[in-house]
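Topology and contacts: notes
This is what each chain is made of:
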Amino acid sequence: MHTNKHVNNEFSGIRSAWVEIDHGQLIKNFTLINADTPSHLKKLCVVKDQAYGHGAVVVAQAAVDAGYDYLAVETIDEAIELREADIALPILIFGEVSDEEFSACVAYKITCCVNDISKAKRFNEYVQQGSAEHTSQAFHPVHIEIDSGMSRWGVRWDEAFSVIEYIANECEHLYLEGLMSHFAMSDEADKTYANLQHSRFVSVLEALEQSDITIPLVHMSNTGGLLDLPHAHFNMIRSGILHLGVYPSLVCKRIDGLAPVMSVKASIPALRQLHEGDCVGYGMHFTASTPMQIAILPIGYGDGYPRVRNEGYVLIHGQQCPVVGGNAMDAMMVDVSHIPDVAIGDEVVLMGGQGDEWIDPRDLVKWKKTVCYEILTGWRARLPRRYVG
Ligand SMILES: *Cc1c(COP(=O)(O)O)cnc(C)c1O
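**Observations concerning the overall build of the chain**
Secondary structure assignment for the chain yields eleven helices and 21 strands. Dimensions of the chain, computed from the C-alpha atoms along their principal axes, are close to 80 × 50 × 40 Å. For the chain, long-range pairs separated by at least 24 residues make up 66% of all intrachain contacts whose partners lie at least 6 apart in sequence. Accessible surface for the chain amounts to roughly 17,100 Å². Of this, 51% is attributable to carbon and sulfur atoms. Looking at charge distribution, the chain has the averaged site of its 30 positive side-chain charges lying 3 Å from that of its 50 negative ones.

Dropping the structure here:
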């Protein structure tokens, strides 16, 4: 059993609430996705935010083993962590790097997006100076992000060509390796806006065809696009959530056998007998109307559990145990009156399966009123990660 990097003493991971990562299922998911994906397609694995809380290095290594071509993260520190773990695959940083980050990009060979002419000019000069000093690197790979309708990162599709031409023709120390765009809504049944974004991106590629500029990597599809928009695969896809066994929406295509990799578990440290009229938790949101038994769980909203009141449930002995009262930062209470043989030390599942019951990330989505991305990334670092399988 390993634990994550946030805890690294001899007592690592002994806390009685934890995130469990099923490494065998992760590998199985990669295999299933590979079998479902056209083999000529290049694949980039997005491992930002600790691979949505699963551990960036572990997921990146599984992607390497599954034959992926590229990795992507959001910050320089995330990229450096992968390099220091001896991950050699090309790494792309999404978003914008600042001028202060040029040096780290070059030192750790991290591809970045350059989306405007003035930054391209400054980065080109930076790489030129470095190559004059060390003669180690003559040029640095960059991608350009085309904003095709999300108004987030990148250059507008109808203003992009001058940036492409400038980097391709005027920046001899930058290697224009990739052109990318990103969908605002690829996973819902209505693909109207996704198709509009696709056609805007294609208009840039058509302009490119009229020029003598070639860009080897063209990519637009996240998991939603990979599953539902094969005409938007171009020659590389970027998936972040799919290999974790979680779908971005209820309606996108399914891959048989894919299953969530992450569970959240605890063991029961204390049981309490309530008398009629006893109140439970902050704010007195629950009062026992009859004698009952509750379990106190050593996990709360400070670990990323939704801050619910009398809503949601956990699994104990394969049975649903409803949350009673309002959850605290570090503790929550559940009704175990219907489980007479419940005992201290019994396993509790807060997300994942036990017996025939299953708590899906999507159930927590309802209770936390968010999206499954935030459920996965929301489990805090103070929950040790235990890798099994
Ligand atoms: C996070 C992200 C992805 C991955 O999205 P999934 O829906 O998790 O596959 C792909 N591309 C970009 C630009 C991203 O920011």
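Here the narrative resumes.
**Observations regarding the domain arrangement of the chain**
When its domains are assigned, the chain resolves into domain 1 (37-244) and domain 2 (262-388). The centre of domain 1, based on its C-alpha atoms, is set 40 Å off from the matching centre of domain 2. Taken residue by residue, the interface counts eight residues in domain 1 and seven residues in domain 2. Taking both sides of the interface into account, the surface hidden between domain 1 and domain 2 amounts to around 740 Å²; carbon and sulfur atoms contribute 65%.

**Comments concerning the packing of helix H1 (residues 23-36) against helix H3 (residues 56-65)**
Relative orientation of the contacting elements H1 and H3 amounts to 40 degrees, with a least axis distance of 10 Å. What the angle tells us is that H1 and H3 run oblique. As for how H1 packs across H3, the hand of that crossing is right-handed. Residues His23, Leu26 and Phe30 of H1 touch H3, and the partners they reach there are Val58, Val59, Ala62 and Ala63.

**Looking at the environment of Ile93**
Along the chain, the position of Ile93 falls in strand S4 (residues 91-93). On the accessibility criterion, Ile93 (2% relative accessible area) is buried. As a C-alpha pair, Ile93 and Cys112 span 19 residues in sequence and 5.0 Å in three-dimensional space. Beyond its immediate stretch of four places on either side in the chain, Ile93 contacts Val73, Glu74, Thr75, Ile76, Ala79, Ile110, Thr111, Cys112 and Cys113.

**Structural notes on the pattern of salt bridges**
In the structure shown here, the tally under the stated rule is 13 salt bridges. A salt bridge links Glu125 to Lys121; the nearest nitrogen and oxygen atoms lie 3.3 Å apart. Taken together, the residues Glu125 and Lys121, both in helix H6 (residues 117-134) and four residues apart, mark about one turn of the helix. Look at Glu125 and you get partly exposed, because its relative accessible area is 37%. On the basis of relative accessibility, which here comes to 42%, the residue Lys121 falls in the partly exposed class. For Asp303, the salt bridge is made with Arg382, and the minimal N-O distance between the two is 2.6 Å. One end of the pair, Asp303, is in the loop between strand S15 (292-297) and strand S16 (313-316); the other, Arg382, is in the loop between helix H11 (372-378) and strand S21 (385-388), with 79 residues separating them in the sequence. A residue is classified by how much of its surface remains accessible, and Asp303, at 0% relative accessible area, is buried. What you see here is one network of salt bridges that share partners, running through Arg15, Asp303, Asp330 and Arg382.

**Some thoughts on the site of the ligand**
For the ligand, the set of nearby residues contains 14 residues, the closest of which are Lys48, Tyr52, Thr223, Arg238 and Tyr373. Take Lys48: an N or O atom from its side chain is 2.7 Å from an oxygen atom of the ligand. One of the side-chain N or O atoms of Tyr52 is found 2.6 Å from an oxygen atom in the ligand. Contact with the protein chains hides 95% of the accessible area of the ligand, taken as 390 Å² for the molecule alone. At the level of elements, helix H2 (48-53) and strand S10 (236-239) are the ones that each hand at least two residues to the shell around the ligand. Here the residues of the shell around the ligand sort into six nonpolar, five polar and three charged.

**What to know about the packing of aromatic side chains**
What the rule picks out here adds up to eight aromatic pairs. With a centroid separation of 5.9 Å and 65 degrees between ring planes, the pair formed by Tyr52 and Tyr373 is classed as edge-to-face. Here Tyr52 is found in helix H2, whereas its partner Tyr373 is found in helix H11, with 321 residues between them in sequence. The exposure class assigned to Tyr52 is buried, which follows from its relative accessible area of 6%. A ring pair is formed by Phe102 and Phe123, whose centres lie 4.5 Å apart and whose planes are at 35 degrees; its orientation type is tilted. Here Phe102 is found in helix H5 (residues 102-107), whereas its partner Phe123 is found in helix H6, with 21 residues between them in sequence. Clustering of aromatic rings is evident, with ring pairs tying together Phe102, Phe123 and Tyr126. Lying across the ring of Tyr68, Lys43 places its NZ or CZ 5.1 Å from the centre. Seen from the ring of Tyr247, Arg254 lies directly overhead, with NZ or CZ sitting 4.0 Å from the centre.

**Here's the deal with the side chain of Asp346**
Among the structural elements, Asp346 can be located in the loop between strand S18 (332-335) and strand S19 (347-354). A distance of 2.7 Å separates a polar atom in the side chain of Asp346 from a polar atom in the side chain of His317. Leave out the neighbours within four places in its chain, and Asp346 touches Ala266, Ser267, Ile268, His317 and Asp341.

Each value, and the rule that gives it
- Residues numbered from 1 in each chain as written.
- Predicted model: local features only at pLDDT ≥ 70, side-chain atom pairs only at ≥ 80, totals over all residues.
- Heavy atoms only, no water.
- Helix = DSSP H or I, 4+ residues; strand = E, 2+ residues; numbered from the N terminus.
- Contact = heavy atoms within 4.5 Å.
- Areas by Shrake-Rupley, 256 points an atom, 1.4 Å probe, with all protein chains shown as cover.
- Lys, Arg positive; Asp, Glu negative; His and termini not counted.
- Charge placed at Lys NZ, Arg CZ, Asp CG, Glu CD.
- Domains from an automatic or database assignment.
- Buried area = accessible area lost by both parts, 1.4 Å probe.
- Axes fitted to C-alpha atoms, helices over the stretch in contact; angles between N-to-C directions.
- Parallel < 35°, antiparallel > 145°, perpendicular 65-115°, else oblique.
- Left-handed = near helix turned anticlockwise from the far one by under 90°.
- Buried < 20%, exposed > 50% of the residue type's maximum accessible area, 1.4 Å probe, protein only.
- Salt bridge = Lys/Arg side-chain N within 4 Å of Asp/Glu carboxyl O.
- Near = heavy atom within 4 Å.
- Polar contact = N/O pair within 3.5 Å; in protein donor to acceptor, adjacent residues only side chain to side chain.
- Nonpolar A, V, L, I, M, F, W, Y, C, P; charged D, E, K, R; others polar.
- Phe/Tyr/Trp six-rings, centres within 6.5 Å; stacked < 30°, edge-to-face > 60°.
- Lys NZ or Arg CZ within 6 Å of the ring centre and 35° of its normal.

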